[in-house]
Amino acid sequence: MLRAAKQITRHRGTNERITYLCSKIVTSTSNSYYSTLNQKKYKGGGKSNGWSKYFLAPRGPKGWTIPPSRGYGMIVARVLRGALKLRYILLGGAIGGGVTLNKKYEDWKDGLPDLKWLEEVMPKGEKWTQFSKALAEFGSSVKDVIEIAKGEIKAKTTVTALSLSNDESRRKYEALQSQVENLQTEVINVQIKYQRELEKMEKENRELRQQFLILKQNKKTGTKKIKKSLIDMYSEVLDELTGYDSSYSMADHLPRVVVVGDQSSGKTSVLESIAKARIFPRGSGEMMTRAPVKVTLAEGPYHVAQFRDSDREYDLNKESDLSELRREVEFRMRASVRGGKTVSNEVISMTVKGPGLQRMVLVDLPGIISTMTVDMAADTKDSIHQMTKHYMSNPNAIILCIQDGSVDAERSNVTDLVMQCDPLGRRTIFVLTKVDLAEELADPDRIRKILSGKLFNMKALGYYAVVTGRGRKDDSIEAIRQYEEDFFKNSKLFHRRGVIMPHQVTSRNLSMAVSDRFWKMVRETIEQQADAFKATRFNLETEWKNNFPRLRESGRDELFEKAKGEILDEVVNLSQICAKKWEEALSEKLWDKLSNYVFENVYLPAAQSGSQNSVNTMVDIKLRQWAEQSLPAKSVESGWETLQTQFLMLMEKARKSPDHDDIFDNLKLAVIDEAIRRHSWEDKAIDMLRVIQLNTLEDRFVHDKTEWDHAVKFLETSVKDKLDQTEHTLSEMMGPGQLTRITHWKSLTEDQSKRRHVKHELDKILRTDEKHLPTLSYDELTTVRKNLQREGVEVDTDYIRQTWFPTYRRHFLKQALHRAHDCRKAYYLYTQQGTECEISCSDVVLFWRIQQVIKVTCNALRQQVINREARRLDKEIKEVLDEFSEDEEKKAQLLTGKRVLLAEELIKVRHIQEKLEEFINCLNQEK
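Per an unreviewed UniProt entry, the recorded name for the protein chain is Dynamin-like GTPase OPA1, mitochondrial, and the organism is Glossina fuscipes. Regarding the protein chain, the relevant UniProt record gives this comment under Catalytic activity (unreviewed entry): "GTP + H2O = GDP + phosphate + H(+)".

Counting its regular elements, the protein chain contains 30 helices and 9 strands. Here the protein chain, with 927 residues, has 42% of them falling under the buried criterion. Restricting the contact set of the protein chain to residue pairs at least 6 apart, pairs at least 24 apart contribute 78%. Surface summary for the protein chain: the accessible area is close to 51,400 Å², and the carbon and sulfur share equals 50%.

Look at the UniProt record and you will see "coiled-coil region" (unreviewed entry) annotated at residues 166-218 and 863-890. In residues 863-890, helix accounts for 96% and strand for 0%; the two terminal C-alpha atoms are 36 Å from one another.

Formed by 94 residues in total, the largest nonpolar core has its most connected members in Trp-591, Trp-708 and Ile-877. Broken down by element, this core gets its largest block of residues, 17 residues, from helix α28 (residues 842-886). The residues touching Trp-708, leaving out its near neighbours within four places in the chain, are Val-702, Cys-823, Arg-824, Ala-826, Tyr-827, Tyr-830, Cys-841, Val-844 and Val-845. Of all hydrophobic cores here, the second largest spans 65 residues; its members include Met-233, Tyr-234, Ile-402 and Leu-510.

The next point concerns the pairing of strand β2 (residues 293-299). Counting buried residues in β2 gives 6 out of 7 residues, a clear majority hidden from the surface. With 7 bridges joining them, β2 and strand β5 (residues 348-354) adopt parallel strand pairing. Counted as the bridge partner of Leu-297 is Val-352 from β5. In this sheet, strand β6 (residues 360-364) lies alongside β2 in antiparallel orientation, the contact comprising 5 bridges. Paired with Thr-296 across the bridge in β6 is Val-361.

So, on to the sheet that holds strand β8 (residues 428-433). The 9 strands lie next to each other as β4-β3-β5-β2-β6-β1-β7-β8-β9, forming an open sheet whose pairing is mixed. In the strand order of this sheet, the two ends are held by β4 (314-315) and β9 (462-465), each with one partner. Where strand β3 (residues 304-307) meets β4, 2 bridges bridge the pair, whose relative direction is antiparallel. Residue pairing in the sheet places Val-304 in a bridge with Asp-315 of β4.

Enumeration over the complete set of coordinates arrives at 19 aromatic pairs. Summarising the aromatic geometry, the rings of Tyr-603 and Phe-847 are spaced 5.3 Å apart at their centres and angled 80° between planes, so their arrangement reads as edge-to-face. Linking Tyr-603 in helix α17 (residues 579-607) with Phe-847 in helix α28, this pair joins segments that are 244 residues apart in sequence. A relative accessible area of 1% means that Tyr-603 is categorised as buried. With relative accessibility at 0%, the residue Phe-847 sits in the buried group. Residues Tyr-827 and Tyr-828 carry aromatic rings whose centres are separated by 5.5 Å and whose planes lie at 70° to one another, so their mutual orientation is edge-to-face. On the basis of relative accessibility, which here comes to 6%, the residue Tyr-827 falls in the buried class. Every member of this aromatic cluster is reached through a ring pair, and the members are Trp-591, Phe-599, Tyr-603, Phe-714, Trp-804, Tyr-808, Phe-812 and Phe-847.

On inspection of all chains with the given rule, the structure shows 48 salt bridges. A salt bridge links Glu-883 to Arg-678; its shortest N-O distance comes to 2.6 Å. Here Glu-883, found in helix α28, pairs with Arg-678, found in helix α20 (residues 665-678); they are 205 residues apart in sequence, far enough to count as distant. The partly exposed category is assigned to Glu-883, whose relative accessible area is 40%.

Time to look at the confidence of the model for the protein chain. The predicted model of the protein chain has a mean per-residue pLDDT of 77, with 72% of residues at 70 or higher. Taken together, the stretch residues 155-165 has pLDDT below 50 and engages in 10 contacts with residues farther than four places along the chain or on a different chain. For residues 246-250, every residue scores under 50 in pLDDT, and the model assigns this stretch 11 contacts once sequence neighbours within four places are set aside.

Next up on the list: the side chain of Ser-269. As for its position among the elements, Ser-269 is in helix α8 (residues 267-275). Residue class for Ser-269 comes out buried when judged on its relative accessible area of 14%. Residues in contact with Ser-269, not counting those within four places in the same chain, are Arg-282 and Thr-468.

Another point: the packing of helix α10 (residues 380-392) against helix α11 (residues 414-421). Relative to each other, α10 and α11 sit at 40°, their axes nearing to 10 Å. Considering the angle they form, α10 stands oblique to α11. For the element pair α10 and α11, the recorded crossing hand is right-handed. On α11, the residues touching His-385, Thr-388, Lys-389 and Met-392 of α10 are Leu-417, Val-418, Gln-420 and Cys-421. Here the contact of α10 with α11 is built from residues that sort into 4 nonpolar, 3 polar and 1 charged.

What follows is about the packing of α17 against α28. Where α17 contacts α28, the two axes come as close as 8 Å, and the packing angle between them is 140°. As far as their axial angle goes, α28 and α17 are oblique. Between α17 and α28 lies a crossing whose hand is right-handed. Of α28, the residues touching α17 (which contributes Ala-579, Trp-582, Glu-583, Leu-586, Ser-587, Leu-590, Trp-591, Val-598, Phe-599, Val-602 and Tyr-603) are Asp-843, Leu-846, Phe-847, Ile-850, Ile-854, Thr-857, Cys-858, Asn-859, Leu-861, Arg-862, Val-865 and Ile-866. Here the contact of α17 with α28 is built from residues that sort into 17 nonpolar, 3 polar and 3 charged.

Conventions we followed
- Residues numbered from 1 in each chain as written.
- Predicted model: local features only at pLDDT ≥ 70, side-chain atom pairs only at ≥ 80, totals over all residues.
- Heavy atoms only, no water.
- UniProt positions renumbered as here; feature names shortened; annotations may be inferred.
- Helix = DSSP H or I, 4+ residues; strand = E, 2+ residues; numbered from the N terminus.
- Buried < 20%, exposed > 50% of the residue type's maximum accessible area, 1.4 Å probe, protein only.
- Contact = heavy atoms within 4.5 Å.
- Areas by Shrake-Rupley, 256 points an atom, 1.4 Å probe, with all protein chains shown as cover.
- Core = buried A, V, L, I, M, F, W, Y, C linked by side-chain atoms within 4.5 Å.
- Pairing = 2+ DSSP bridges.
- Phe/Tyr/Trp six-rings, centres within 6.5 Å; stacked < 30°, edge-to-face > 60°.
- Salt bridge = Lys/Arg side-chain N within 4 Å of Asp/Glu carboxyl O.
- pLDDT = per-residue confidence, 0-100.
- Axes fitted to C-alpha atoms, helices over the stretch in contact; angles between N-to-C directions.
- Parallel < 35°, antiparallel > 145°, perpendicular 65-115°, else oblique.
- Left-handed = near helix turned anticlockwise from the far one by under 90°.
- Nonpolar A, V, L, I, M, F, W, Y, C, P; charged D, E, K, R; others polar.

Below you can see the structure in the form of structure tokens.
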């Protein structure tokens, strides 16, 4: 037995080792037993001792007779060998299958796209964690199975080698058989579990693939650009042509499928059947299609829809996305209708991709109407007719003429329009809808005549019959198509010598026929269209070189960006203005705003009041009221106007530079005007200024001689300006002087002559009393009036008062100038005697206080302008520029002229021609 056990290690296979071990153990045991038996026989003198019957059994390998017990042991060994062989065949198959599946999984994983960049875009989700756990559990389960099998092999081998009794061998055999069955069941369960995990991985792979395509399309940098399909490239060319040649008179003769028909003829339903999705809003007899809808159909792995100007994809397999898509289409249609119109020429462009879709570009137009309702615009019927003719007049457009089969053919409005645009029928495909209703209501022979082209004079490339539904809004496209196929299988149109061929029915055949005709038309005409654009581009480039030889052709967008940079540069230059210049400009603007109030409401009423004490009291009261009420607001208004003035001065300076381009002037002015209109000074600035101004006005004492001199100069300058204004008023009232009348051949009017007489009398009063009060007494008015009457001049008292006002003001201002001159050298006297000074200098003190208020106000306004308002203005200008950049109409209005129009057309033609050439190259490669 030991020698047999040692020989086991020299055998290769596990099954062979077990079989060999069992045979050696049984053989060795039997040989030892029978050798002992024979020896006893020979010693007993040839007696059999009851054992002779066993020698009648078959001989062994060495010629020995094999007893029944040994034969039974050999049978057990063979059974065990067969069972173990079956066991390890199954175990080896399970392990080999697992290895093979693992290799297939690795190959499948290598075939996946590189998703490393998804680690930056997508976080690790719960699905990856669950999948990792599932794989770990599967690996551990396989490992456990292998360990159990190894332990069982070792145990069974030992038990078999040591089995000595028949009953024990039988029991072990049954136990082994039971364990083999259990192991088989376990292997099958593992295989099922692995298959489920594989199916789960495939499903997750599909989802990841969809997310991968979406993210790859949306990612702008760092990823490889997805190659566009032919139909997408062609659709982009059509989008570029939208609005470029709206009359189809020059260049845009590119093919597209134009879907026309009467209202509620099933036109939109046919398009939805071709697109395999209910993507359009539906109404009960009302007009739903209010604008042209360009639908680009393309084949793709997922059934999705997307608008041209949006990144969102609508999953057409989800009812929620379909509902949102229909709402968005309806919203865009209603938004395109402006100015009380019912229909619009604005094109809504969208793309639909899905498995099995035929590649083509269709344009769904509003249905033809014969009668208008009260809620429609007066020109709705004519607008729809013109729009339909406009699209059908393209000589390469494929006309998909939709006719309602459930109504009388003679009531159709669209067939006449189609015959006008395509009388020979070379590009028309006739479609009869609602054939299921027509078969119930009309004669089948009449329908056959329609579909064979014998009922109408209209000619067509082909005639098709379709069923677009059962009148249920909730029916899916799959249900509609199944209903359509079932109907045509049982339709009476195919019986009684029907002339309709099977290829003339169903939406599937229609879509294939339209797609084939579309691409045939594209291949026949695309080269010609590209040559036309090439010639147009050459002509435009020649015209540009002749008119603008030293300029590059810049479109509106590029010019707008350049103007935007120049405007923002000027805003930055506001911070380069020095503080002194700011304060001078603010001071000048502020005094211009305040001077009239100071003279009319503060200085003149106080100075003309009488005594010195009353003058000072009145000045204090009026200055405080002024500072609490109108002065802060006027200051802010002055600061804002100064900011505007300085900014416009910078713009004007830039406009006079030799590098200035006047093409931007209108845009710059519009942006600045809009920003200024929106800008408002911060509210808290008024409160801050009020506090500063009140504190400054509390100071009533001039501190040094320099400030005194500046105040005197300020007073003299202000009084002279006001005196000049008064002199100008008197000059207009009195007319030109004698020298002017002689040199310029002018004469006095009757009113001017009267004014002169009145003024002469008033001057007498002022000469008599130089300190006269601001008003005339009743006696003085009577005296003046009587004196004028003696001279033959009749005037009333109001007329005299009107003349007195400027006359007295001039007299008072001249006296104020004399006082200011006397006060020049009275500073030291003022410092010693104060208000009791012999020379009245309260005017100087008043204007010094006003001058101090102006100074601190200008300083505060300058800081606000530099620190806050210039930045806020810059922000508002940027907002206006951003709004203008998105408004194409605004840009076209502000950036205009031959140079801009020619550059825009040249850039667009060049872009279209390049896209056409790219499309032609890809089309030739596909051939």
